[in-house]
Amino acid sequence: MSSNLTPDWSSDFEHYKKLSREVVTEKDIINFFNQNQKAFYLDSFSSSWGNMMEAYAKHESLTSDQLNELEEMQWQDMPEQLKLFAYDFCIKNGFCYTATSS
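A few points on the structure. Note that the structure is a prediction, hence the values are computed from the model and not measured.

Here is what the cut-offs are and how they apply
Residues numbered from 1 in each chain as written. Predicted model: local features only at pLDDT ≥ 70, side-chain atom pairs only at ≥ 80, totals over all residues. Heavy atoms only, no water. Helix = DSSP H or I, 4+ residues; strand = E, 2+ residues; numbered from the N terminus. Contact = heavy atoms within 4.5 Å. Salt bridge = Lys/Arg side-chain N within 4 Å of Asp/Glu carboxyl O. Buried < 20%, exposed > 50% of the residue type's maximum accessible area, 1.4 Å probe, protein only. Core = buried A, V, L, I, M, F, W, Y, C linked by side-chain atoms within 4.5 Å.

Note on placement: N34 falls in helix α2 (residues 26-35). Aside from chain neighbours lying at most four places away, what touches N34 is W75, Q76 and K83.

A full pass over the atoms with the stated rule returns two salt bridges. Measuring nitrogen to oxygen at the nearest pair gives 2.8 Å for the salt bridge that ties K38 to D12. In this pair, K38 sits in the loop between α2 and α3 (48-59) while D12 sits in helix α1 (residues 7-20), placing the two residues 26 residues apart along the sequence. Residue class for K38 comes out partly exposed when judged on its relative accessible area of 44%. By relative accessible area, which is 18% here, D12 ends up buried. A salt bridge links D88 to K92; the nearest nitrogen and oxygen atoms lie 3.9 Å apart. Placement of the pair is D88 and K92 together in helix α5 (residues 80-92), with a separation of four residues, close to one helical turn. Residue K92 is classed as exposed on the basis of its relative accessible area, which comes to 55%.

Looking now at the nonpolar core. F32, F40, W49, M52 and I91 are the most contacted members of the largest nonpolar core, which totals 26 residues. For this core, the secondary structure elements donating two or more residues are α1, α2, α3, α4 (64-72) and α5. Top element by residues in this core is α5. It accounts for six residues. Here I91 is in contact with S20, F32, A39, F40, A86 and Y97, once residues within four sequence places are set aside.

The following block contains the structure:
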């Protein structure tokens, strides 16, 4: 891990990574998404949330207006499909989570 990272950043990743180990079912994923918004924004170096939204828009064939509507939604109100996709993209396969010690 590079030395320019703050201890908080590292401990946040470890905290969310530990929480994610308890995630098994789709219901668990949705609960994790609803309760841990910060976990999806920790990876600011690779803009994983923005990249995920672009990938989701392509996956679901969304128009730019539909994508904007999604981005303006309240966190809890986002569609379940997006929550599942975001968890897989940002947490399960996110660079910073896969790069931290297990």
